[in-house]
Amino acid sequence: MGLAAEPDSSNGDKTPLLLSHPLKRTGTVWTAVAHIVTGVIGSGVLSLAWSVGQLGWIAGPFSILIIASFTLISSFLLSNTYRSPHPQFGPHRSASYLDAVHSHLGLKNGRLCGLLVNISLYGFGIAYVITSAISIRTILVSICYHTNEEEVACEFVDAYYMLIFGAIQVVLSQIPNFHNIEWLSVVASIMSFAYSFIGMGLSILQIKEKGYVEGSIEGIRSRSRTEKLWLVAQALGDISYSYPFSTILLEIQDTLKSPPPENQTMKKASVISVAITTFFYLGCGGAGYAAFGNDTPGNLLTGFGSSKYYWLVNFANVCIVVHLVGAYQVYSQPLFAIVENWFRFQYPDSEFVNHSYFLKLLFLPDFELNFLRLSFRTAYVASTTVIALMFPYFNQILGVLGSLIFWPLTIYFPVEMYLGLSNTEAWSAKWIMLRSLSILGFVFVAVDSLIMKLARLLNEEVTLLRDVRTKVEGVRDELCLIQAYLKDADAKADTADTSSHAVKVWVNQLRRASFRIEDAVDFYIIKLAPHPSQRQAFDLHKC
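These lines cover the structure that appears in this document, whether it is placed above or below. What you see is a predicted model; the values in this text were computed from it and never measured. (Residues numbered from 1 in each chain as written. Predicted model: local features only at pLDDT ≥ 70, side-chain atom pairs only at ≥ 80, totals over all residues. Heavy atoms only, no water.)

### Side note on the overall build of the chain
Here is step 1: When you go through the chain residue by residue, the secondary structure sums to 16 helices and 5 strands.
Here is step 2: Counting only residues that meet the buried cut, the chain has 47% of its 543 residues in that class.
Here is step 3: Within the chain, contacts between residues at least 6 apart in sequence are counted, and of these 80% link residues at least 24 apart.
Here is step 4: On the chain, roughly 27,100 Å² of surface is accessible, and the fraction owed to carbon and sulfur atoms is 65%. (Helix = DSSP H or I, 4+ residues; strand = E, 2+ residues; numbered from the N terminus. Buried < 20%, exposed > 50% of the residue type's maximum accessible area, 1.4 Å probe, protein only. Contact = heavy atoms within 4.5 Å. Areas by Shrake-Rupley, 256 points an atom, 1.4 Å probe, with all protein chains shown as cover.)

### Let's talk about helix α8 (residues 246–253)
Here is step 1: By the criterion of burial, α8 is predominantly enclosed, with 8 of the 8 residues buried.
Here is step 2: When α8 is considered as a whole, its buried residues turn out to be S246, T247, I248, L249, L250, E251, I252 and Q253.

### Focus: the pattern of salt bridges
Here is step 1: Following the criterion strictly, the structure yields 7 salt bridges and no others.
Here is step 2: Close ionic contact of E214 with K210 constitutes a salt bridge, the shortest N to O distance being 3.1 Å.
Here is step 3: E214 sits in the partly exposed class, given a relative accessible area of 22%.
Here is step 4: A salt bridge links E416 to R435; its shortest N-O distance comes to 2.3 Å. Taken as a pair, E416 in helix α13 (residues 394–422) and R435 in helix α14 (residues 429–491) lie far apart in primary sequence, 19 residues in all.
Here is step 5: Given the relative accessible area of 16%, E416 is considered buried.
Here is step 6: Assessed through its relative accessible area of 26%, R435 is described here as partly exposed.
Here is step 7: Through salt bridges with shared partners, a single ionic network connects R83, R93 and E262. (Salt bridge = Lys/Arg side-chain N within 4 Å of Asp/Glu carboxyl O.)

### Thoughts on the nonpolar core
Here is step 1: Ranked by internal contacts, the top residues of the largest apolar core, which has 108 residues, are Y97, C113 and L409.
Here is step 2: With 13 residues, helix α10 (residues 310–346) is the largest single contributor of residues to this core.
Here is step 3: In this structure, I482, L486, V507 and L510 belong to the second largest nonpolar core, which totals 5 residues. (Core = buried A, V, L, I, M, F, W, Y, C linked by side-chain atoms within 4.5 Å.)

### A word on the packing of aromatic side chains
In this description, an aromatic ring pair is defined by two values, namely the gap between the centres and the angle between the planes.
Here is step 1: For the structure shown, the criterion picks out 19 aromatic pairs.
Here is step 2: With centroids separated by 4.7 Å and ring planes inclined at 50 degrees, the aromatic side chains of W427 and W431 adopt a geometry described as tilted.
Here is step 3: W427 sits in the exposed class, given a relative accessible area of 67%.
Here is step 4: For W431, a relative accessible area of 17% translates into the label buried.
Here is step 5: Taken together through their ring pairs, the aromatic side chains of Y122, F165, Y328, F336, F376 and Y380 make up a single cluster. (Phe/Tyr/Trp six-rings, centres within 6.5 Å; stacked < 30°, edge-to-face > 60°.)

### Re the environment of M200
Here is step 1: Looking at the secondary structure, you find M200 in helix α6 (residues 182–210).
Here is step 2: When the C-alpha positions of M200 and L46 are compared, they lie 9.0 Å apart, and in sequence the two are 154 residues distant.
Here is step 3: With residues near it in sequence (within four places) discarded, M200 still touches F279, F280, G283, C284 and A287.

### What about unusual backbone geometry?
Here is step 1: Residues S84 and P85 are joined by a peptide bond in cis, for which omega reads 5 degrees.
Here is step 2: Relative to the helices and strands, P85 is located in the loop between β2 (83–84) and β3 (92–93).
Here is step 3: You will see that N423, though not glycine, has its phi angle at about 55 degrees, which is positive.
Here is step 4: Following the sequence through the fold, N423 ends up in the loop between α13 and α14.
Here is step 5: Residues other than glycine seldom take positive phi values, yet W427 does so here, at roughly 70 degrees.

### Brief notes about helix α5 (residues 158–172)
Residues that lie three or four places apart on an α-helix share one face, since the helix turns once every 3.6 residues.
Here is step 1: Look at α5: 21 Å from first C-alpha to last across 15 residues, which is about the 21 Å you get at 1.5 Å a residue.
Here is step 2: D158, Y161, M162, F165, G166, Q169 and L172 are the residues of α5 that are buried. Viewed end-on, α5 has its buried residues packed into an arc of 140 degrees, placing them on one side of the element. Counted as exposed and oriented over 90 degrees from the buried face of α5: Y160 and V171.
Here is step 3: Those residues of α5 that are buried are in contact with α4 (107–147), α6, α10 and α12 (371–390). (Expected span 1.5 Å × (residues − 1). Arc of directions from axis to C-beta.)

Next comes the structure, spelled out in structure tokens:
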């Protein structure tokens, strides 16, 4: 094994966000499709059956198609911003989403975009650590239950599997850049196809065994309108977060060879990818809801865990883990590039930052080692793993963040950049159409987020009122017992057993307490009991 050092070269006339190394771009439409599918079709596809179930047979598929259309239009607009000033022949390249916004919309928008992009990319990393650990635990629990005849406690700790996943990512994160992970995206794409087909196939098989299709137009019924409103908003948020790939589109486009022009290749790849994604989303979502109806689980595979096909479910979970290994890198490499390019700009003469060392290994390709890459990326992976360990329910937070980030990253910035580069005349048909698209996307996200917040508050209020009613009923029952005791005490007041002064004082205190309890119950009956029939249920004379 030998060691050789080679300095990284960079162009000094570029902005800090646009620094790059000399690259040989060899990507094709199919490598781009592999990257997109790896980034988009995650284990979240298995939760879309629940989302379709909440929305019903009409609104569910329609929502998937609408969001797919938004995503496709956004990808078309964004692919035209890769080169400037001309989308095909312009000499200036934007190698990342952040580069494009910074160059075309200015520093202020660039900073806002940087915040949103980094939150999105970092959040995906944390979510993948958690989801992979859950899948590994699911496999082990299934094997434990099916290999032990006697009932045993099959309990496994997620923390161990998060640490294993993190260790794997420390190694893979040393891959220099997005151009070197094509093979990983291909493997991850195959895995995503595998578990999606398994979930879809098992659902269709269950429908065939039942002989009928579950589900309804209005979707899964809820206990209250408030709860239904919350669940519908959550379902729309899950669908909207499962589609966009705008944050990695330009990184993928930067890997494509030319000719043909990169934007044409990227548009073809986007059409193919969105079509494949929509097929799986509609297939898994529709077949899952048709198989389980009102009992549709949050994760489609969990519905088959106890079936005779449990081994196939275990294999699907293995595919999920392998896919997440690749997906973590697809969403982390752009963030790595942003931070490392900033350091290269700030410290151009630093050997620690700019020099690469090549390890010559027997029977293996040369391994490129950079100390900045090694230290920063290791710390990055460690941080996502630690946060996943500390907040195992982070996926729920990520769903809310995703619905909020959807509009600016998927619609607003691409529309603004396209209008600026194309010099579209104000109030022309194209201008009005794109502005309407942006406004429609904002309204969708704003209304969905508002509904989620209001529904959550209302749901908490309803739960609180239900708890108050339960507690008042309990207090009323206790009051009946106290009043019965006081009657007995009054009847025996003159006997020898209850003639002591201490007992009389205690009985008087208990009587005053019963009066205060009775006043509180009366207040609930008059002010809070919402219906006359409910007030009659609190009639104190029925003790």
